[in-house]
Amino acid sequence: MVPASYYLSLAAVLFTIGLAGVVTRRNALIVFMCIELMLNAANFTFLAFARMKPDMSGHAIAFFVIAVAAAEAAVGLAIVIAVFRSRGTVNVDEVTAIKDS
Amino acid sequence: MSDKAEIFVFWPLAVLLVGTAGGVLVARNPVYAAMSLVGAFFCMAGLYLLLTAHLVAFLQILVYAGAIMVLFLFVIMLLSLSDEELGVSRMKAMQAFGALGGIGLLAVLVSAVHVSGDRGMPPVDARFGTVKAVAEVLFRQYLLPFEATSVLLLVAIVGAVIVAKQRV
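This report concerns the structure included in the present document. None of these values were measured; they are calculated from a predicted model.

Reading guide: rules and limits
Counting from 1, residues in each chain are numbered in the order their sequence is written. Note on labels: chains are lettered from A, ligands numbered from 1, in written order. Only residues with pLDDT of 70 or above have their local features reported here, since the model is predicted, and side-chain atom pairs are shown and tallied only from 80 upward, although totals for entire chains, interfaces and linings are computed over all residues. In this text, helices come from DSSP runs of H or I with a minimum length of four residues, and strands from runs of E with a minimum of two, each type numbered from the N-terminal end. As defined in this context, the radius of gyration uses C-alpha atoms, and a globule is described by 2.2 Å times the residue total to the power 0.38. Labels follow a simple rule on C-beta atoms placed from the backbone: if 20 or more others lie within 10 Å of a residue's own, it is buried; if 12 or fewer, it is exposed; otherwise it is partly exposed. The contact criterion used is a C-beta to C-beta distance within 7 Å, with each C-beta placed from the backbone. Under the convention adopted here, Pro, Cys and the residues Ala, Val, Leu, Ile, Met, Phe, Trp and Tyr are nonpolar, Asp, Glu, Lys and Arg are charged, and Gly plus all remaining residues are polar. Axis geometry follows a simple rule: fit a line to the C-alpha atoms, using only the stretch in contact for helices, then measure angles between N-to-C directions, giving values from 0 to 180 degrees. When an angle is under 35 degrees it counts as roughly parallel; over 145 it counts as roughly antiparallel; between 65 and 115 it counts as roughly perpendicular; any other value is oblique. Less than a right angle of anticlockwise turn of the near helix away from the far helix marks a crossing as left-handed, whereas a clockwise turn marks it as right-handed. We define a nonpolar core as a collection of buried residues of the types Ala, Val, Leu, Ile, Met, Phe, Trp, Tyr and Cys that are connected via C-beta atoms lying within 7 Å of each other.

1. Brief notes about the overall build of chain A
Phase 1: The secondary structure content of chain A amounts to 3 helices and 0 strands.
Phase 2: Shown N-terminal to C-terminal, the secondary structure of chain A runs as helices and strands in the order α-α-α.
Phase 3: Relative to the globule expectation of 13 Å for 101 residues, the C-alpha radius of gyration of chain A, 17 Å, shows a markedly less compact shape.
Phase 4: Judged by the C-alpha coordinates and their principal axes, chain A covers about 55 × 25 × 20 Å.
Phase 5: Across the 101 residues in chain A, those meeting the buried criterion constitute 54%.
Phase 6: Counted over contacts in chain A with a minimum sequence separation of 6, partners at least 24 positions apart contribute 46%.

Here it is, written out as structure tokens:
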């Protein structure tokens, strides 16, 4: 049997990779992909705890997380397209329309 | 599955998963990043199967590796970014702090997991994680959130159309 701590540590590694991507990458599309990675890491933790209890509620929560991630991807990518259309870039550092100065 | 066999399935999937996730982090071209992410989702689905979450594993492949990644690839192709737009970040200091913060967070999380002790997984019956069992939880205990999810998806569809449309 694979111990629960292996799964939880792997989820922590994945979440950290996603967070590092969100902080360091400037391409909005890759930032979105890294957010998906973080959501997946959270899902992974839910499933590991569900298996540990064992309690099926974690599977229901994972289902909701997948639905929210799908909605987030649809709206987020629409915003990326709208920003690209108006400013001609997807670099998040250059989108500073309402910045002071 | 026996304990040894599970370990032998776990480690290759875990290494592949971290490798493909790292590929998303370092890829210069968004298409390569998207392909790496598809690989990561498949590895994760394999690990979900190992956690006896059959329904969620199939949803992972259908929704993530299928629908969401196709959406990403459509947008990448639609924007068709040139090389200068893909250029690396100018803020090197930000990257250094980001990497440092990431390592710090990882240390905290892994030490927290370590402190919580190494509990084994209890045996589960054959129904655990099947479509029928998850549906019973979903439609009895979580019926209201399930219905709210449908409203959320409707709002997301309408919002995406409004935001991306040139003239409403």
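2. Concerning the interface of chain B and chain A
One widely used convention gives an interface's size as the accessible area the parts lose upon coming together.
Phase 1: In this complex, chain B contributes 73 residues to the contact, which on the side of chain A involves 61 residues.
Phase 2: Of all the secondary structure elements, the ones that give two or more residues to the side of chain B that touches chain A are α1 (3-26), α2 (30-50), α3 (54-79), α4 (92-115), α5 (131-140) and α6 (143-164) of chain B.
Phase 3: Looking at the side of chain B that touches chain A residue by residue, the classes come out as 55 nonpolar, 13 polar and 5 charged.

3. So, the packing of helix α1 (residues 4-24) of chain A against α4 of chain B
Phase 1: Contact pair α1 of chain A / α4 of chain B: the axes reach a minimum separation of 9 Å and the direction vectors enclose 165°. Looking at the two axes, α1 of chain A sits roughly antiparallel to α4 of chain B. In the crossing of α1 of chain A with α4 of chain B, the sense of the turn from one axis to the other is right-handed. Across the interface between the two elements, Ser5, Leu8, Ser9, Ala12, Val13, Thr16, Leu19, Ala20, Val23 and Thr24 of chain A of α1 of chain A pack against Met94, Gln95, Gly98, Ala99, Gly101, Gly102, Leu105, Leu106, Leu109, Val110, Val113 and His114 of chain B of α4 of chain B.

4. So, unusual backbone geometry
Phase 1: Cis geometry is adopted by the peptide bond preceding Pro54 of chain A, which originates at Lys53 of chain A and carries an omega value of -15°.
Phase 2: If you trace the backbone, Pro54 of chain A turns up in the loop between α2 (28-52) and α3 (57-87).

5. Let's talk about the nonpolar core
Phase 1: With 72 residues, the main nonpolar core has Ala11, Leu29, Met33 and Leu47 of chain A together with Val24 of chain B as its most contacted residues.
Phase 2: Going through the elements one at a time, α1, α2 and α3 of chain A together with α1, α2, α3 and α6 of chain B are the ones with two or more residues in this core.
Phase 3: If near-sequence neighbours (up to four positions away) are discounted, Ala11 of chain A is found in contact with Ala41, Phe44, Thr45 and Ala48 of chain A.

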